[in-house]
Amino acid sequence: MKRISPIRTRSSDPPALLELKTSLQDTQSALNSAYTAFDYASDPELTEACIFEIRSLQARMNYLVRQIKELELCAATAVAGPAGRARWT
C-alpha cells in the first residue's frame, strides 16, 4: 500500500479548502479500511466488491487532490506580490 503524507492545514486556509482537506483525510481512512477488508476477504465476490470500493475511493482521492491543488493555486495567486509572483510563507 502506498503511504500518503499527512495533510497540512493552516489557520489561514479558506473554509472550502479546509473542508476539502478534511474530506481527503476521511477518504484516506476509508481507503485504509477497504485495503484491510480486501486483505481478509476470502470469497471471490467479496474480493471483487473490495476492489471496486478501493478503485472508487482512489478516484475520489484523485478528485479531491486536484481540487485542493486548484484552490491552493488560486489562493497563492491572490496573495501575489507586486512582481506577480506568489509569496511563499
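Structure first, text after, so check above.
One structure accompanies this document, and this report is about it. Here the structure is a predicted model, which is why all the values come from computation and not from measurement. (Residues numbered from 1 in each chain as written. Predicted model: local features only at pLDDT ≥ 70, side-chain atom pairs only at ≥ 80, totals over all residues. Heavy atoms only, no water.)

### A short note on the overall build of the protein
Condition: By definition, any uninterrupted DSSP run of H or I lasting at least four residues is a helix, any uninterrupted run of E lasting at least two residues is a strand, and each is numbered from the N terminus. The buried label applies to any residue whose accessible area, calculated with a 1.4 Å probe on protein chains only, is under 20% of its type's maximum; exposed applies above 50%, and partly exposed to all values in between. When checking whether two residues touch, look at their non-hydrogen atoms; a contact exists if any pair is within 4.5 Å. Accessibility throughout is a Shrake-Rupley quantity obtained with a 1.4 Å probe, and a residue counts as covered only by protein chains that appear here.
When you go through the protein residue by residue, the secondary structure sums to two helices and zero strands. When burial is assessed residue by residue, the protein has 19% of its 89 residues classed as buried. By sequence separation, contacts in the protein at least 24 residues apart represent 54% of the contacts at least 6 residues apart. Carbon together with sulfur atoms contributes 55% to the accessible area of the protein, which is approximately 7,100 Å² in total.

### Quick word on helix H1 (residues 15–40)
Keep this limit in mind: In this analysis, the expected span of each helix is defined as 1.5 Å times one less than the number of residues it contains.
With 26 residues, H1 ought to run about 38 Å at 1.5 Å a step, and its terminal C-alpha atoms sit 38 Å apart, in line with that. Among the residues of H1, Leu17, Leu20, Lys21, Ser23, Leu24, Thr27, Gln28, Leu31 and Ala34 are the ones counted as buried. Those residues of H1 that are buried lie in contact with helix H2 (44–78).

### As for the nonpolar core
We apply this condition: Grouping buried Ala, Val, Leu, Ile, Met, Phe, Trp, Tyr and Cys residues that are joined through side-chain atoms within 4.5 Å yields what is termed a nonpolar core.
Counting ten residues, the largest nonpolar core consists of Leu17, Leu20, Leu24, Leu31, Ala34, Ile54, Leu57, Met61, Leu64 and Ile68. In this structure alanine 34 touches Glu53, Ile54 and Leu57, once residues within four positions along its chain are discounted.

### Some details on H2
Across its 35 residues, H2 extends 51 Å between first and last C-alpha, which sits within 8% of the 51 Å expected from 1.5 Å per residue. Taken together, the buried positions of H2 are occupied by Cys50, Ile54, Leu57, Met61, Leu64 and Ile68.

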